[in-house]
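# Fold and geometry: a report
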There are 2 protein chains.
Amino acid sequence: MLYAGFMSAALPSFPTPPEPAPSPELIQLGTGDAEDEPCLRADAARNRARLLEAAARLVAEHGAAGVTMEAVAAAAHVGKGTVFRRFGDRVGLLTALLDHSEKKFQAALLGGPPPLGPGAPPVDRLRAFGCALLRRADEELELQLAAEPAGERRYTVAPRRFQRGHVAMLLRQAVPDADGELLSHTLMSSLDVALLHHLTRQNGMPLARLEAAWTDLVTRVTRPREDHLSR
Amino acid sequence: MLYAGFMSAALPSFPTPPEPAPSPELIQLGTGDAEDEPCLRADAARNRARLLEAAARLVAEHGAAGVTMEAVAAAAHVGKGTVFRRFGDRVGLLTALLDHSEKKFQAALLGGPPPLGPGAPPVDRLRAFGCALLRRADEELELQLAAEPAGERRYTVAPRRFQRGHVAMLLRQAVPDADGELLSHTLMSSLDVALLHHLTRQNGMPLARLEAAWTDLVTRVTRPREDHLSR
DNA sequence: AAACAAACCGGACCGAGGTCCGTTTAAAGT
DNA sequence: ACTTTAAACGGACCTCGGTCCGGTTTGTTT
């Protein structure tokens with residue numbers, strides 16, 4: 001049953017955490033593993049599972065657009081307020097649906113086999129990272145697109161922060177003389193889900209071309225500079 | 001009076017143009033200048049001006065968040081339907097507010113003095129383009145942020161397509177061996193308004209650092225390759 | 001001047017996200 | 001078992017973007 005899979009889907013219990021501290025960049029990545037949901041009351045846990053199961057069914061039946069907060073609540077036989085209490089907002093709910101896949105991806109980066117995981121040269125890891133991300137996004141495109149918050153919030157969402165931190169770390173190893181922080185934003189932006197959708201679905205561009213462009217981009221960006229005429 | 005300025009603000013008269021043809025990339029840039037608004041009925045033109053003036057006042061008084069479609073309609077003594085008929089949707093209205101500034105910017109790129117305008121080497125023009133765009137976005141940040149459509153639509157909006165086309169053209173001149181189409185998306189993404197907001201407003205990053213990073217990025221990306229080990 | 005068609009107008013209406021608050025209930029303490 | 005309390009619940013309610021359609025205005029034609 002696809003039900004069990006969602007039991008492990010995790011999210012900070014606080015729907016809208018202000019999260020005041022910028023914090024040392026690379027530390028707060030792993031969102032406490034080991035059966036999360038710090039302490040959920042029995043009924044809360046039950047309803048949470050019901051909601052995720054209902055949401056997944058709605059996605060399968062009517063696409064991501066069919067995942068209305070009211071529809072999910074009704075399908076799970078639960079009040080609307082409960083959905084918002086648990087997931088904060090629509091983005092939170094959709095993100096929770098993607099949580100399992102995201103966890104797997106993070107695990108592959110952190111401890112999987114090279115070149116995605118540790119052990120390979122940073123530039124190779126960068127190349128592998130982008131291609132893996134592109135392929136994964138291409139599979140879950142509709143859901144990931146719907147789960148993307150609007151405007152500035154795009155950059156504060158947990159998965160993106162983790163991925164960007166990862167890229168920044170690899171960049172610091174590969175090109176110490178660059179502004180890794182900002183360069184990582186640039187690289188991440190070129191893997192944006194909305195862009196992927198625009199190019200592949202609206203312009204019919206093959207995924208292979210995107211992968212080639214990513215590979216080339218990494219190459220260009222990490223080439224050591226031989227002249228210092230800039231700045 | 002700031003009123004007159006808005007008379008020249010322009011937008012395709014069709015609220016929701018399907019725009020089926022991908023078209024030869026660089027052609028449909030200039031959105032017919034020379035006193036646009038092909039043919040607006042007297043009352044329509046009057047209401048359009050009223051609406052823009054009212055919207056501008058609301059922005060000044062309550063910020064972009066205060067620009068509610070109903071509020072604008074009320075402030076302009078006009079029905080709500082009229083607002084949507086004229087501007088299509090909220091994004092269209094906000095875009096129209098920015099139209100004057102956008103036109104000026106486009107003119108500077110197309111016919112202004114170098115290095116922004118034609119006459120300078122493409123790499124210099126690229127550098128100037130990014131810095132100019134960053135500075136302009138930094139000024140109108142709130143409005144531009146509010147005018148940014150969500151999701152995939154971000155990439156289909158007219159100003160962005162023009163700017164990306166411009167970058168693509170410069171890239172083709174500077175680095176003919178690269179995938180200019182995709183590389184231009186990458187460069188444009190690193191100038192994204194939401195990202196600018198995130199970095200400068202939420203993380204307190206100085207604009208100068210963004211400009212330096214842009215300059216460096218252009219340098220890295222346009223450096224000629226000497227080895228062909230990639231691919 | 002009268003008639004006509006196309007464009008425009010306005011506001012009632014709808015759906016969806018998000019909030020609020022009185023009520024219920026799980027679980028810890030006695 | 002009984003009390004207590006903090007958490008969870010649910011659905012009425014609000015706001016806002018967007019649609020619809022009957023009535024009105026404009027400008028053109030005869």
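Going along each chain's sequence as written, the residues are numbered from 1 onward. Each chain takes a letter, starting from A, and each ligand takes a number, starting from 1, following the order in which they are written. Reporting in this predicted model follows two pLDDT cut-offs: at least 70 for local features of residues, and 80 or more for side-chain atom pairs to be given and counted; totals over whole chains, interfaces and linings ignore these cut-offs and use all residues. Computation of side-chain values covers all heavy atoms of the structure but excludes hydrogens and water.

## A look at the protein's contact with DNA strand C
Applied cut-off: Whether a residue is near a molecule or strand depends on its heavy atoms: it is near if one of them lies within 4 Å of it. Here a polar contact is recorded for every N or O atom pair within 3.5 Å, except that within protein the pair must consist of a potential hydrogen donor and a potential acceptor, and residues adjacent in sequence are included only if both atoms are side-chain atoms. Under the DSSP-based scheme used, a helix requires at least four consecutive residues in state H or I and a strand at least two consecutive residues in state E, with every element numbered from the N terminus.
Residues in contact with DNA strand C amount to 21 residues; listed here are only the nearest, A42 and K80 of chain A together with R41, N47 and G79 of chain B. Protein-proximal atoms of DNA strand C, defined as those within 4 Å of the protein, fall in sugar or phosphate at a share of 61%. A42 of chain A places a polar main-chain atom, nitrogen or oxygen, 3.0 Å from a phosphate oxygen of DNA strand C. N47 of chain B is positioned with one of its side-chain polar atoms (N or O) 2.6 Å from a phosphate oxygen of DNA strand C. Among the elements of the structure, α2 (42–62) and α4 (80–87) of chain A together with α2 (42–62) and α4 (80–87) of chain B are those that each provide at least two residues to the surface near DNA strand C.

## Some details on the nonpolar core
Spelled out, the test is: Nine residue types can take part in a nonpolar core, namely buried Ala, Val, Leu, Ile, Met, Phe, Trp, Tyr and Cys, and a core is a set of them joined through side-chain atoms within 4.5 Å. Accessibility here uses a 1.4 Å probe with only protein chains present; expressed as a share of the type maximum, an area under 20% marks a residue as buried, one over 50% as exposed, and anything in between as partly exposed.
F129, L171 and W214 of chain A together with F129, L171, L210 and W214 of chain B are the most contacted members of the largest nonpolar core, which has 77 residues in total. Ranked by size, the runner-up nonpolar core spans 23 residues in total, among them V72, V83, F87 and L97 of chain B.

## Details of the pattern of salt bridges
Residues and elements named next belong to chain A. The criterion, for reference: Just to be clear on terms, a salt bridge is a Lys or Arg side-chain nitrogen sitting within 4 Å of an Asp or Glu carboxyl oxygen.
Scanning the entire structure with this criterion turns up 36 salt bridges over all chains. Here R57 makes a salt bridge to E53, at a shortest N to O gap of 3.5 Å. Here the residue R57 and the residue E53 both occupy positions in helix α2, the gap between them amounting to four residues, near one helical turn. With a relative accessible area of 37%, R57 lands in the partly exposed category. Under the relative-accessibility criterion, E53 is labelled partly exposed at 24%.

## A few points about α4 of chain B
Residue and element names in this part refer to chain B. For clarity, the cut-off: The arc in question is the one traced by the directions running from the helix axis out to the C-beta atoms. Contact criterion: two residues are considered in contact whenever any of their non-hydrogen atoms come within 4.5 Å of each other.
Turning to α4, its buried residues number three or more, namely V83, R86 and F87. End-on, the buried residues of α4 take up no more than an arc of 75°, which puts them together on one face. Against the buried residues of α4 lie α2, α3 (69–75) and α5 (90–111). Within two residues after α4, G88 carries a phi angle of roughly 80°, on the positive side.

## A closer look at the relation of the copies chain A and chain B
Note the following rule: Our superposition of the copies is a least-squares fit, built on the C-alpha atoms of residues whose pLDDT is at least 70 in both.
With an RMSD of 0.0 Å, chain A superimposes on chain B once it is rotated by 180° and translated 0.0 Å along the axis. Taken together, the rotation angle and the small translation identify this as a two-fold axis. In this assembly the copies share their binding face: 100% of the residues contributing to the interface of chain A also contribute to that of chain B.

## Quick word on the environment of P206 of chain A
Residue and element names in this part refer to chain A. Along the chain, P206 turns up in the loop between α10 (193–202) and α11 (207–222). On the basis of relative accessibility, which here comes to 49%, the residue P206 falls in the partly exposed class. Each C-alpha atom of the pair P206 and R153 lies 29 Å from the other, and the pair is 53 residues apart in sequence.

## A closer look at the packing of α11 of chain A against helix α11 (residues 207–222) of chain B
Selection criterion: Helix axes are fitted to C-alpha atoms over the stretch in contact, other axes to C-alpha atoms as well, and angles between N-to-C directions run from 0 to 180 degrees. Throughout, the term roughly parallel applies to angles under 35 degrees, roughly antiparallel to angles over 145, roughly perpendicular to angles from 65 to 115, and oblique to all others. Left-handed describes a crossing whose near helix is turned anticlockwise from the far helix through less than a right angle; right-handed describes the clockwise counterpart.
Where α11 of chain A meets α11 of chain B, the axes come as close as 7 Å, and the angle between the chain directions of the two elements is 110°. The pairing of α11 of chain A with α11 of chain B is recorded here as roughly perpendicular in orientation. With respect to the hand of their crossing, α11 of chain A and α11 of chain B are arranged in right-handed fashion. Seen from α11 of chain A, the contacting residues are L217, R220 and V221 of chain A; seen from α11 of chain B, they are L217, R220 and V221 of chain B.

## So, the protein's contact with DNA strand D
The cut-off we apply is this: Polar here means any residue other than Ala, Val, Leu, Ile, Met, Phe, Trp, Tyr, Cys and Pro, which are nonpolar, and Asp, Glu, Lys and Arg, which are charged; Gly is therefore polar.
Taken together, 21 residues are adjacent to DNA strand D, and R41, N47 and G79 of chain A together with R41 and K80 of chain B come closest. When atoms of DNA strand D within 4 Å of the protein are sorted by moiety, sugar and phosphate together comprise 60%. Take D43 of chain A: an N or O atom from its main chain is 3.2 Å from a phosphate oxygen of DNA strand D. Contributions of two or more residues to the surface near DNA strand D are made by α2 and α4 of chain A together with α2 and α4 of chain B. Among the elements that make up the surface near DNA strand D, the one with the highest residue count is α4 of chain A (five residues). In terms of residue class, the surface near DNA strand D is built from six nonpolar, five polar and 10 charged.

## Side note on the interface of chain A and chain B
The partner chain B presents 42 residues to the 42 residues of chain A that form the contact. Here E148 of chain B ties to R154 of chain A by a salt bridge, and the two come within 3.8 Å at their closest N and O atoms. Applying the counting criterion to the chain A and chain B interface returns nine residue pairs in polar contact (both at pLDDT 80 or more). Looking at the side of chain A that touches chain B, the elements that each hand over two or more residues are α9 (180–189), α10 and α11 of chain A. When the residues that make up the side of chain A that touches chain B are grouped by side-chain class, the tally is 17 nonpolar, 11 polar and 14 charged.

## Overview of the environment of V167 of chain A
Residue and element names in this part refer to chain A. Structurally, the position occupied by V167 is in helix α8 (residues 158–174). Sequence separation between V167 and L183 is 16 residues, and the spatial gap between their C-alpha atoms is 8.9 Å. Beyond its immediate stretch of four places on either side in the chain, V167 contacts L126, F129, S184, L187 and M188.

## Section: the packing of helix α6 (residues 122–139) of chain B against helix α10 (residues 193–202) of chain B
Residue and element names in this part refer to chain B. One can describe the packing of α6 onto α10 by two numbers: an axis separation of 11 Å at closest approach and a directional angle of 65°. Taken as axis vectors, α6 and α10 run roughly perpendicular relative to one another. For the pair α6 and α10, the crossing hand works out as right-handed. Residues L134, A137 and D138 of α6 form the contact with α10, whose own contacting residues are L196, T200 and R201.

## Some words on the packing of aromatic side chains
All names here are of chain A. Under the convention used in this document: By convention, a stacked pair of Phe, Tyr or Trp rings (six-membered ring in the case of Trp) has centres within 6.5 Å and planes under 30 degrees apart, an edge-to-face pair has planes over 60 apart, and any other such pair is tilted.
Taken as a whole, this structure holds two aromatic pairs over all chains when the rule is applied. Ring centres 6.0 Å apart and planes at 45° place the aromatic pair F105 and F129 in the tilted group. With F105 in helix α5 (residues 90–111) and F129 in helix α6 (residues 122–139), this pair connects stretches of sequence that are 24 residues apart. F105 gets classed as buried once you look at its relative accessible area, which sits at 7%.

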